[in-house]
Amino acid sequence: MGERTEPRTLQHLLDSVPNIVDHLYRNPKGQWLARRHPPHLLPPEFTNWREEQQAWRETVALYDQSYHMTMTYVRGPDAIRLFSYLGVNRFAKFGPGKARHLVACSPRGHVIGDGVLYCLHPEEVVLVGGAAPHNWVEFHAQTGGWKVSVERDESYIQNPTGRRTVYRYQLEGPRAPALMECLNRGPLPELRPFQIAPLRIAGHTVWALRHTMAGGPGFELFGPWEEGPAVREAILEAGKAFDLRQVGTLAYFTTGVDLGWIPRSLPAIYTGEELRAFREWLPATSGEATWSLGGSFYSSNIEDYYLTPWELGYGHLIHLDHEFVGREALARMALQPHRRKVTLVWDAEDVAEVLTSFLRPGLPARYLDLPLPTYAVWQYDAVFDEHETLIGISTYVAYSWNERALLSLAVVSSEFAEPGKRVTVVWGEPEGGAKSRPWLEPHRQVRIRATVAPAPINPLARGHPSAARR
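Fair warning: this is a prediction, and the values are worked out from it, not measured in the lab.

Peer 1: It is not clear to me how the nonpolar core should be interpreted in this structure. Could you clarify?
Peer 2: Side chains of nonpolar character tend, in soluble globular proteins, to be buried together. Ranked by internal contacts, the top residues of the largest apolar core, which has 114 residues, are Leu 266, Tyr 270, Leu 344 and Trp 346. Beyond its immediate chain neighbours, meaning those up to four positions away, Trp 346 contacts Val 351, Ser 394, Val 397, Leu 406, Leu 407, Ser 408, Val 425, Trp 427, Ile 448, Arg 449 and Ala 450. With 25 residues, the next largest nonpolar core counts Leu 42, Leu 171, Trp 225 and Ile 235 among its residues.

Structural data, given as structure tokens:
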């Protein structure tokens, strides 16, 4: 017999495993948070994650986003046209001084990924995001005949240079505007959401984006990597008068539940002959092949994990006035009913039962690691109605000190999307987690009752035009 050949591409992997769902279930779990930040530079907590969460609702919080997100620079005369071809968004007025929430879909209309685009200079657009469709963009840039070049700035942990091209900070909370005026030594320029303008902080030019991460007043600040420490020190010094709190990684990754943003849905790339060329281009070492799938919802059909823009709350971003990948499919889907995104507030009594199961003999429930019980990159937990009918999936789970509740973002049938509806989330994987060995401990599935609430749950975020995150 010949030696076993390791898969070289995603397509090679698909051809070599019995089922891609089971393969993704077996990928490492519970380590994605640790892999995204260097703890010696950005710790899990600066003080404690509870009061760090409170800061973005009550005073002002400082997030350091310099490390965990990949940046893809696309330069050339076709840069904006390329993103217009790949995004469902309208790009007619996009250009220098603006940002945009990019949503990219497959030819069949399912979401591949989303991220934020930045444009500071003509013929240069930067895609920023952790699970954004960087590979999808680079594939088309290289193979589609576009007049562009591509440069990748990988996340800090994956970056062999030990540096990034830019630092990236965020100030957010009721006192953020006053702190920003103090740093700018005067009134701020009039900025609409997703507009960018230069400021002066600590003697350096700093680009400011009007943007929110958790729903409150917010500004993202960025500039050349080498100038980051000086700008950060100026923020910390001025922030003393505003009760500024630095936010560590534990609290930072819970902002999505406040804003109602589902940070990672499984990319719709594993099926369809029209995507074979992309899968043959994509290496088997990519995140699309090595990241983990998990949760109580299980189907052997990978397409059951695909989501549409409407299900993720992006239906308002679709504009059919230009040609783009997936346009025809989305035009047909627009006439159909859609599941809706909601927040689920998990019942305190049922959550307490899960927590106390760790303190008693016998097989416990799946461990709840606060404040972020989400353990798989792509988390899909089953949601049922009172008749045990499957009505949707629960995705991102986080504990909110502000709400004093365990919350999850879910996609459910429209008739169950009204606030106050009662549903049940199944916590724990099929077969006691056997599909995810050795990454998960043996456990039993439990049913947790939950109440439907709006997404976003933060009242400041509802209807906020910049409530689109990476």
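Peer 1: Just to check I follow, could you spell out the packing of helix 7 (residues 176–184) against helix 8 (residues 228–239) for this structure?
Peer 2: Taken N-terminus to C-terminus, the directions of helix 7 and helix 8 make an angle of 120°; their axes are 10 Å apart at the nearest point. One way to sum up the angle between helix 7 and helix 8 is to call them oblique. For the crossing formed where helix 7 meets helix 8, the hand is right-handed. On helix 8, the residues touching Leu 179, Cys 182 and Leu 183 of helix 7 are Ala 234, Ile 235, Ala 238 and Gly 239. Taken together, the residues of the contact of helix 7 with helix 8 break down into six nonpolar, one polar and no charged.

Peer 1: I'm lost on the packing of aromatic side chains in this one. Help?
Peer 2: Remark: the centre distance and the inter-plane angle together describe each pair of aromatic rings, the angle taken between the planes. According to the stated counting rule, one finds 23 aromatic pairs in the structure shown. Geometrically, the ring pair formed by Tyr 118 and Phe 222 is edge-to-face, given 5.5 Å between the ring centres and 80° between the ring planes. Separated by 104 residues along the polypeptide, Tyr 118 in strand 4 (residues 111–121) and Phe 222 in strand 10 (residues 218–224) bring together distant segments of the chain. Residue classification places Phe 222 among the buried positions, given a relative accessible area of 5%.

Peer 1: For this particular structure, what's the right way to read the pattern of salt bridges?
Peer 2: Note that side chains of opposite charge can pair when their charged atoms are close. All chains considered together, the criterion is met by 29 salt bridges. With a shortest N-O distance of 3.6 Å, Glu 303 and Arg 108 are connected by a salt bridge. Here Arg 108 lies in the loop between strand 3 (98–105) and strand 4 and Glu 303 lies in the loop between strand 12 (293–294) and helix 13 (327–333), a separation of 195 residues in the sequence. Residue classification places Arg 108 among the partly exposed positions, given a relative accessible area of 42%. The residue Asp 347 makes a salt bridge to Arg 449 at a minimum N-O spacing of 3.7 Å. Within this pair, whereas Asp 347 is found in the loop between strand 13 (340–346) and helix 14 (348–356), its partner Arg 449 is found in strand 19 (residues 446–453), the two being separated by 102 residues in sequence. When its relative accessible area of 11% is taken as the criterion, Asp 347 is described as buried. When salt bridges that share partners are traced, they join Asp 347, Asp 350, Arg 422 and Arg 449 into one network.

Peer 1: Looking at this structure, how should I read the sheet that holds strand 15 (residues 381–384)?
Peer 2: Read around the barrel, six strands follow the order 13-17-16-15-18-19 and close on themselves; strand pairing throughout is antiparallel. Averaged over all pairs of adjacent strands, the angle between strand axes in this sheet comes to 40°, irrespective of strand direction. Where strand 13 meets strand 17 (residues 405–412), six bridges bridge the pair, whose relative direction is antiparallel. Looking at the pairing, Val 345 lines up with Leu 407 of strand 17. On the sheet, helix 14 packs against strand 13, strand 17, strand 18 (422–427) and strand 19 and is oriented at approximately 150° with respect to strand 19.

Peer 1: Explanation requested: the environment of Ser 436 in the structure shown.
Peer 2: Of note, Ser 436 is situated in the loop between strand 18 and strand 19. Residue classification places Ser 436 among the buried residues on the basis of a relative accessible area of 0%. The spatial distance from the C-alpha of Ser 436 to the C-alpha of Arg 339 is 28 Å, given a sequence separation of 97 residues. Apart from the residues lying within four places of it in its own chain, the contact partners of Ser 436 are Tyr 25, Lys 29 and Glu 429. In terms of polar contacts, Ser 436 uses its side chain to reach the side chain of Lys 29, at 2.8 Å.

Peer 1: Which parts of the structure should I look at to understand unusual backbone geometry?
Peer 2: The bulk of non-glycine residues show a negative phi, and the bulk of peptide bonds are trans. Each neighbour pair has its own omega, and for Leu 370 with Pro 371 the value is 10°, a cis peptide bond. Looking at the element boundaries, Pro 371 is found in the loop between helix 14 and strand 14 (378–379). Residue Pro 438 is reached from Arg 437 by a cis peptide bond, and omega for that bond is 5°. Even without a glycine there, the phi angle at Arg 185 is positive, about 55°. Within the secondary structure layout, Arg 185 lies in the loop between helix 7 and strand 8 (196–201). Given the relative accessible area of 80%, Arg 185 is considered exposed. One non-glycine residue, Phe 194, adopts positive backbone phi at about 70°. Residue placement: Phe 194 occurs in the loop between helix 7 and strand 8.

Peer 1: Hey, could you run me through the pairing of strand 17 in this one?
Peer 2: The two faces of the sheet receive side chains in turn, since in a regular strand these alternate between them. Of all eight residues in strand 17, eight are buried; the element is thus mostly enclosed. By the alternation rule, side chains of strand 17 split into Ala 405, Leu 407, Leu 409 and Val 411 and Leu 406, Ser 408, Ala 410 and Val 412, which are all buried. As defined by bridge partners, strand 16 (residues 390–400) adjoins strand 17 across seven bridges and the pair is classed as antiparallel. Following the sheet pairing, Ser 394 is matched in strand 17 by Ala 410. Following strand 16, the chain reverses through four residues before pairing antiparallel with strand 17; Arg 404 in that reversal takes a positive phi of roughly 50°.

Peer 1: Mind showing me how you'd approach helix 5 (residues 79–86) here?
Peer 2: Each turn of an α-helix holds 3.6 residues, which means side chains three or four residues apart point in the same direction. For helix 5, every residue scored as buried is listed here: Ala 79, Leu 82, Phe 83, Ser 84 and Leu 86. If you follow the buried residues of helix 5, they end up packed against strand 2 (70–75), strand 3, strand 4, strand 5 (124–129) and helix 6 (134–143).

Peer 1: Looking at this model, I keep getting lost on the packing of helix 5 against helix 6. Mind explaining?
Peer 2: Each pair of packed helices can be summarised by the angle the axes make with each other and by the distance between the axes. Across the interface, helix 5 lies against helix 6 with an axial gap of 11 Å and an inter-helix angle of 120°. The angle between helix 5 and helix 6 falls in the class oblique. Once helix 5 is placed against helix 6, the crossing between them reads as right-handed. The segment helix 5 lies against helix 6, with Leu 82, Phe 83, Tyr 85 and Leu 86 engaging Trp 136, Val 137, His 140 and Ala 141. Among the residues forming the contact of helix 5 with helix 6, the class breakdown is seven nonpolar, one polar and no charged.

Thresholds, definitions, all that
- Residues numbered from 1 in each chain as written.
- Predicted model: local features only at pLDDT ≥ 70, side-chain atom pairs only at ≥ 80, totals over all residues.
- Heavy atoms only, no water.
- Core = buried A, V, L, I, M, F, W, Y, C linked by side-chain atoms within 4.5 Å.
- Buried < 20%, exposed > 50% of the residue type's maximum accessible area, 1.4 Å probe, protein only.
- Contact = heavy atoms within 4.5 Å.
- Axes fitted to C-alpha atoms, helices over the stretch in contact; angles between N-to-C directions.
- Helix = DSSP H or I, 4+ residues; strand = E, 2+ residues; numbered from the N terminus.
- Parallel < 35°, antiparallel > 145°, perpendicular 65-115°, else oblique.
- Left-handed = near helix turned anticlockwise from the far one by under 90°.
- Nonpolar A, V, L, I, M, F, W, Y, C, P; charged D, E, K, R; others polar.
- Phe/Tyr/Trp six-rings, centres within 6.5 Å; stacked < 30°, edge-to-face > 60°.
- Salt bridge = Lys/Arg side-chain N within 4 Å of Asp/Glu carboxyl O.
- Pairing = 2+ DSSP bridges.
- Polar contact = N/O pair within 3.5 Å; in protein donor to acceptor, adjacent residues only side chain to side chain.

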